[in-house]
Amino acid sequence: MTEFPLLVLVLGPVLLAEALLARYEVLAYIAGWRTPATELPQGMPYARGADPDRPPDAYLVYLDGIGKRRFTDTRDGGQLVKALIAGAPELRVLGQVQPYSPLADPLVNRPVWEWLRHHIGLLLFLHNVMQIFVAADRRYRPLYNRAVGAQIADQLRLAGYEPDSGIPVVLLSYSGGAQVATGAVEELHTQLHAPLLLITIGGFHNGANDLTHAHHLYQLTSASDWIERVCIWIFPQRWRLFRRSGWNRAARAGKITMHRLDPATHMGRHSYISPEAQLPDGRSYLDRTADAVVALIRAHRGTTAATHDPLP
């Protein structure tokens, strides 16, 4: 019985410190105390995939889950991004955006966090979890959306994106990256006037962000993903009762389509991006997820080209 009070005494101050640090970043950005970084490590390209000498069919920005802590791909060793590049060479893919840092400052570059990574790795995840809730907090949400939306716009420009070019931008997000992706829509529309397509994988977001300027959102989910179900329970804006929320207005407008990837789980050996778990047809869960993403992008491109209907 003594373990629970001890756990509260230890975790309580840690969570409070994390909450304050998470708010500091967005306030430092808005106040202009620090300038977001735009340069990448030496030798790291701003995008991979399609030849930079000609316009790609689309730019894809991958916003990872809470395991993201460096410019290079994390969580699955970058296997999802590699599978997308291999399966869709017509895309230019960006995986370096820091969805949990309004200052575009990866945790791996901070000396204190490097020490914590080797001694108390759980705190790295708590930091990014707290950033999700700051991004969802109505007091900070507009500021956070502007900060990370501007970061994505900067990285797209550096990768060769031309504003008003009409080339689609795909925001592919995993777990908490969906909170950032849905929040970046307004800023990307303002800065780039880019046609926006969103694809969430096990999306964890509060449903409050305005999706008016997104052409469509594809929700890749699974009945075995209990984390996404918990997200729907805890955020009222995801409930049908709250008809005026950004999520429900988009749903009524026909902008949200669900695709099931059963029986994938949110994380672990049977996650959406597991290279080990196998389907009856012999593909891995990773292969199926990558195939689904590529198929959705191509179908979207084919539909818009056939109808000659410019994206808003």
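Everything here concerns the structure above.
Owing to the predicted nature of the structure, the values given are computational and were not obtained by experimental measurement.

Caption draft 1: Spatial organisation of the environment of Ser 271. For Ser 271, the location among the structural elements is in the loop between strand E7 (256–260) and helix H9 (285–307). Along the primary structure Ser 271 and Thr 289 are separated by 18 residues, whereas in three dimensions their C-alpha atoms are 10.0 Å apart. Residues contacting Ser 271, with those up to four places away along its chain left out, are Tyr 174, Ala 264, Thr 265, His 266 and Tyr 285.

Caption draft 2: Layout of the sheet that holds strand E6 (residues 216–221). The mixed open sheet is built from 7 strands, whose spatial order is E1-E3-E2-E4-E5-E6-E7. Two strands lie at the open edges of the sheet, namely strand E1 (48–49) and E7, each paired on one side alone. Looking at chain direction, strand E2 (residues 58–63) and strand E4 (residues 169–174) are connected through 5 bridges and run parallel. Its bridge partner lying in E4, Tyr 62 is registered against Leu 172. Helix-sheet contacts for helix H6 (residues 177–192) involve E2, E4, strand E5 (196–201) and E6, and the interaxial angle to E4 is about 160 degrees.

Caption draft 3: Summary view of helix H5 (residues 141–158). The first and last C-alpha atoms of H5 sit 26 Å apart over 18 residues, in line with the 26 Å expected at 1.5 Å per residue. Where burial is concerned, most of H5 is hidden: 13 out of the 18 residues are buried. Backbone geometry just downstream of H5 places Gly 160 in the positive-phi region, at approximately 110 degrees.

Caption draft 4: Quick peek at the pattern of salt bridges. Throughout the structure, instances matching the rule amount to 7 salt bridges. Note that Arg 249 is salt-bridged to Asp 210, the shortest N-O span being 3.7 Å. Within this pair, whereas Arg 249 is found in helix H8 (residues 246–252), its partner Asp 210 is found in the loop between E5 and E6, the two being separated by 39 residues in sequence. Among the residues examined, Asp 210 registers a relative accessible area of 28% and is labelled partly exposed. Asp 291 is the partner of Arg 283 in a salt bridge, and the nearest nitrogen-oxygen pair spans 2.9 Å. Note on Asp 291: relative accessible area 38%, which makes it partly exposed.

Caption draft 5: Spotlight on a nonpolar patch on the surface. Together, Phe 133, Trp 233 and Ile 234 give the surface a local cluster of nonpolar side chains, amounting to about 330 Å² of exposed area. Take Ile 234: it is sitting in helix H7 (residues 226–234).

Reading guide: rules and limits
- Residues numbered from 1 in each chain as written.
- Predicted model: local features only at pLDDT ≥ 70, side-chain atom pairs only at ≥ 80, totals over all residues.
- Heavy atoms only, no water.
- Helix = DSSP H or I, 4+ residues; strand = E, 2+ residues; numbered from the N terminus.
- Contact = heavy atoms within 4.5 Å.
- Pairing = 2+ DSSP bridges.
- Axes fitted to C-alpha atoms, helices over the stretch in contact; angles between N-to-C directions.
- Expected span 1.5 Å × (residues − 1).
- Buried < 20%, exposed > 50% of the residue type's maximum accessible area, 1.4 Å probe, protein only.
- Salt bridge = Lys/Arg side-chain N within 4 Å of Asp/Glu carboxyl O.
- Patch = residues over 30% accessible without salt bridge, like charges linked within 9 Å, V, L, I, M, F, W, Y side chains within 5 Å.
- Areas by Shrake-Rupley, 256 points an atom, 1.4 Å probe, with all protein chains shown as cover.

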